[in-house]
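# A closer look at the structure
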Amino acid sequence: PLVSASAPYGPPPPQTALEQYLTQRLFEQINSDRAAQGLYPYVWNATLATGARLHSWNMYHCGFSHTCPDGLPQCTRIAHEGFTFSDCGENIGLAGPSNPAWTNVYQVQESMANEPATGWHHIHLFSTTLHHVGIGVYVDPTGWVWFTEDFIS
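Predicted, not measured: the structure shown is a model, and the values here were computed from it.

What follows is about the nonpolar core. With 22 residues, the main nonpolar core has Leu22, Val105, Val137, Val145 and Phe147 as its most contacted residues. Mapped onto this core, the elements with two or more residues apiece are α1 (17-36), α4 (102-113), β3 (132-139) and β4 (145-152). Residue contributions to this core peak at five residues, all from α4.

So this is what it looks like as structure tokens:
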């Protein structure tokens, strides 16, 4: 369990097979994009992923934002999950329904990766100071895919 997580809407429901699949695909895509740039792969962190999924669930209720539901900056929220770090970052995405679901999720992910080098999503995805990632996906009842990628050094 998370050390101190804000869950005003309760815990997210158990992960579906689709959510697990999309989470794995995002993790693979991030590391594939990093490898193409000659960078080391990020290491999966299950605790970060649990916090990221809670954030995706919270955003479904309170809106697409790094700081919902309680106004805390993302690095403060991640620290409250029990982490100590020198660098941290977060990317959030919202992909409309598609069949297969990966199609639109991939488009959103690659739009972040293809930002200019000064864009925060790009900075987090291609960092040389971040080393760990946790990804949390929530697919809402209408098929929209909410996802959070949390990174720490």
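Having seen it, we continue.
What follows deals with the state of the cysteines. Summed over the entire model, instances satisfying the criterion amount to two disulfides. Shown here is the disulfide that connects Cys62 with Cys68, its sulfur atoms set 2.2 Å apart. Here Cys62 and Cys68 share a disulfide; its torsion about the S-S bond, 65°, makes the bridge right-handed. In this model, Cys75 is linked to Cys88 through a disulfide, with the two sulfur atoms separated by 1.9 Å.

What follows is about the pairing of β3. Taking burial as the measure, the eight residues of β3 include seven buried ones, the bulk of the element. Here strand β1 (residues 43-44) pairs with β3 via two bridges, running parallel. Opposite Trp44, over in β3, you have Val133 as the bridge partner. The sheet contact formed by β3 and β4 spans eight bridges and is antiparallel.

Here the focus is the side chain of Glu90. The topology assignment puts Glu90 in strand β2 (residues 88-95). Judged by its relative accessible area of 2%, Glu90 is buried. Only 2.8 Å separates the side chain of Glu90 from the side chain of His66, close enough to count as a polar contact. Leave out the neighbours within four places in its chain, and Glu90 touches His55, His66, Gln74, Arg77, His124, Thr148, Glu149, Asp150 and Phe151.

For the bond from Cys68 to Pro69, the omega torsion is 10°, close enough to zero to count as cis. When you line up the elements, Pro69 lands in the loop between α2 (46-62) and α3 (74-80). That bond from Asn99 to Pro100 is cis: its omega, 5°, falls within 30 degrees of zero. Tracing the chain through its elements places Pro100 in the loop between β2 and α4.

Strand order across the open sheet formed by four strands is β1-β3-β4-β2, with mixed pairing between neighbours. In this open sheet, the two strands that pair with only one neighbour each are β1 and β2. Pairing of β2 with β4, which is carried by eight bridges, proceeds in the antiparallel orientation. Within β4, the position partnered with Cys88 by the bridge is Ile152. Strand contacts of α1: β1, β3 and β4, with the helix running at about 145° to β3, the strand carrying the most contacts. Lying over the sheet, α2 contacts β1, β2, β3 and β4, oriented at roughly 35° with respect to β3.

To continue, consider the environment of Cys75. Position of Cys75 relative to the elements: it lies in helix α3. The exposure class assigned to Cys75 is partly exposed, which follows from its relative accessible area of 28%. Sequence separation between Cys75 and Ala46 is 29 residues, and the spatial gap between their C-alpha atoms is 17 Å. Residues within four places of Cys75 in sequence aside, it is in contact with Phe85, Cys88 and Gly89.

The relative placement of two aromatic rings is captured by the distance of their centres and the angle of their planes. For the coordinates displayed, the defined rule picks out eight aromatic pairs. Between the aromatic rings of Tyr42 and Phe151, the centroid separation amounts to 5.4 Å while the plane-to-plane angle is 55°, which identifies the pairing as tilted. Taken together, the residues span a long stretch of sequence, with Tyr42 in the loop between α1 and β1 and Phe151 in strand β4 at a distance of 109 residues. With a relative accessible area of 0%, Phe151 lands in the buried category. Ring-pair connections join several aromatic residues into one group, and the members of that group are Trp57, Tyr60, Tyr138 and Trp146. Directly above the aromatic system of Tyr40 lies the positively charged group of Arg34, at a separation of 4.6 Å from the ring centroid.

Calculation notes
- Here the residue numbering is sequential within each chain, running from 1 through the sequence in written order.
- In view of the model being predicted, local features appear only for residues whose pLDDT reaches at least 70, and side-chain atom pairs are presented and counted only at 80 or more, with totals across whole chains, interfaces and linings using the full set of residues.
- Side-chain measures here rest on the full set of heavy atoms in the structure, leaving out hydrogens and waters.
- Here, nonpolar core means buried Ala, Val, Leu, Ile, Met, Phe, Trp, Tyr and Cys residues that are tied together by side-chain atoms lying within 4.5 Å of each other.
- Note on exposure labels: buried denotes an accessible area under 20% of the residue type's maximum, exposed denotes more than 50%, and partly exposed covers the range between, all computed with a 1.4 Å probe on protein chains only.
- We count a stretch as a helix when DSSP gives it H or I for four or more residues in a row; a strand needs E for two or more, and each element gets its number in order from the N terminus.
- In plain terms, two cysteine sulfur atoms within 2.5 Å form what is called a disulfide here.
- Strand pairing follows a simple DSSP-based rule, namely that at least 2 bridges must link the two strands.
- Polar contacts, as used here, are pairs of N or O atoms within 3.5 Å; protein pairs need one atom able to donate a hydrogen and one able to accept it. Residues neighboring in sequence count only if both atoms are side-chain atoms.
- Contact criterion: two residues are considered in contact whenever any of their non-hydrogen atoms come within 4.5 Å of each other.
- For helices, the fitted line uses only the C-alpha atoms of the stretch in contact; every axis is such a line through C-alpha atoms, and the angle between N-to-C directions lies from 0 to 180 degrees.
- Stacked, edge-to-face and tilted labels apply to pairs of Phe, Tyr and Trp rings (six-membered ring for Trp) whose centres lie within 6.5 Å, assigned for plane angles under 30 degrees, over 60, and everything in between, in that order.
- Either the NZ atom of lysine or the CZ atom of arginine qualifies as a charge over a ring when it sits within 6 Å of the ring centre and within 35 degrees of the ring normal.

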